Amino acid sequence: MDPIEWLRRGVQEAIASLQAAGRLPAGLDAASIGVEVADQTGRGDFTCNAALVLSRPARMPSRILAALLAETLESVDGIAGVEIAGPGFLNLTLAPAIWARMLAGVQRAGSRYGASTREGAGNSTIGFGATDPQSSRPLSPARCEAVGTALANMLDHLGSRADRHFRTGAVHADVIVRLGPLLGLKGRNSPPIAGHRADELDLSMVAGLIGDDAARLGMLMQPADAPLTLDLDLLLDQSHANPVFELHYAHARCCALRQQGEIRGHGDCDENHWDVRAFEDEGVQLILRLLALYPSQIDLAVRQREPCRLLHYLCSLAGGLHQQYYRSLGAPHLRFIRDDDRLLTGARLALVRGVETVLKSGLGLLGSSAPDEMR
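Summarised in this report is the structure supplied together with it. Quantities reported herein were computed from a predicted structural model and do not represent experimental measurements.

With respect to the helices and strands, Glu-373 occurs in the segment after α12 (342–365). Considered as a pair, Glu-373 and Ala-252 are 121 residues apart in the sequence and their alpha carbons are 4.6 Å apart.

This is the structure:
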């Protein structure tokens, strides 16, 4: 279950209910109403702009309209709280049971979480052009392959069969990407490669220095249209400063926690027996909100031709998992596995499996592996 879509439908049903009761005029267009993840702690889980969008056509002050919506939404099973903020934004807090339904849906979907169910979306071709049409520098084959493969994978995930034969120059394509130059390689591990300039290197040459995953993800760390200098030392660093290490370690940590849970007898606790109080912790709620964002982040990365958006999102999710893990080390009541509380452990391990699922899926879309353990 996608909580964003669930809330959007809930708001639309609240509007329809108020119209049926004669408290709102008929004919209001609710299609442009948006529900987004709250960007500030303490402001609910999601924010909705319905009152601001409908204020003028309803001929009603936005805060009064917001109060009507809040009154209706507070009675919806699954919405734990509604607050009015600023000129009429609705800050919505979900009940823990809704988060449990989302996690169960992520587990059932697996690698298909966030995927489109559309059939016959057609083929897509990807073309690259330079950000500076007057530049005589060639487009970097390494960046073309990394960016193109990531976009093609995401297009496939969204139901469009993407061609992996990428076009360059003044070409006609369904998806046009403006590509900035690869300025160079830096760090002690950046020797010249057979006399090639950086923007002439293909991805396999860079992968020969730092590995395929680091090469691919390194090419995606900046927006596609921005110049890029690849820091090989950073990409080989075995610390959280390196986004590749951060992501791989987070996935491996999820796998280790899941396996520990299975060994200690916590591998068969289904969604009907989770203690949803596990989802009331602030750090857990941050992770839950990030998990809910995954489908929209894929769509946004494709629409804006920016695979780096998905990479940065995955880094935020990995960071949230690491932060919660380190919090739990100093607070026994927050530990993911508690042998004295099977139902609480079941809920927390469901969260871990959700993060594992999204990291593996997202890294796969970006062309990277997701290791089960760190070597």
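What follows continues from the structure just given.
The next point concerns the packing of aromatic side chains. Tallied over the full model, the rule gives six aromatic pairs. Judged by centre distance (5.8 Å) and plane angle (25 degrees), the rings of Phe-46 and Trp-99 are stacked. Placement of the pair is Phe-46 in strand β2 (residues 46–48) and Trp-99 in helix α4 (residues 96–109), with a sequence separation of 53 residues. Note on Trp-99: relative accessible area 1%, which makes it buried. Ring geometry for Phe-245 against Tyr-249: centres 5.3 Å apart, planes inclined by 45 degrees, an arrangement best described as tilted. One end of the pair, Phe-245, and the other, Tyr-249, are both in helix α9 (residues 243–263), four residues apart, so they sit about a helical turn from each other.

Looking now at the pattern of salt bridges. A full pass over the atoms with the stated rule returns 15 salt bridges. A salt bridge links Glu-356 to Arg-258, with the nearest nitrogen and oxygen atoms 2.8 Å apart. In this pair, Glu-356 sits in helix α12 while Arg-258 sits in helix α9, placing the two residues 98 residues apart along the sequence. We classify Glu-356 as buried; its relative accessible area is 12%. Where salt bridges share partners, they join Glu-145, Asp-212 and Arg-216 into one cluster.

Cut-offs used in this document
Residues numbered from 1 in each chain as written. Predicted model: local features only at pLDDT ≥ 70, side-chain atom pairs only at ≥ 80, totals over all residues. Heavy atoms only, no water. Helix = DSSP H or I, 4+ residues; strand = E, 2+ residues; numbered from the N terminus. Phe/Tyr/Trp six-rings, centres within 6.5 Å; stacked < 30°, edge-to-face > 60°. Buried < 20%, exposed > 50% of the residue type's maximum accessible area, 1.4 Å probe, protein only. Salt bridge = Lys/Arg side-chain N within 4 Å of Asp/Glu carboxyl O.

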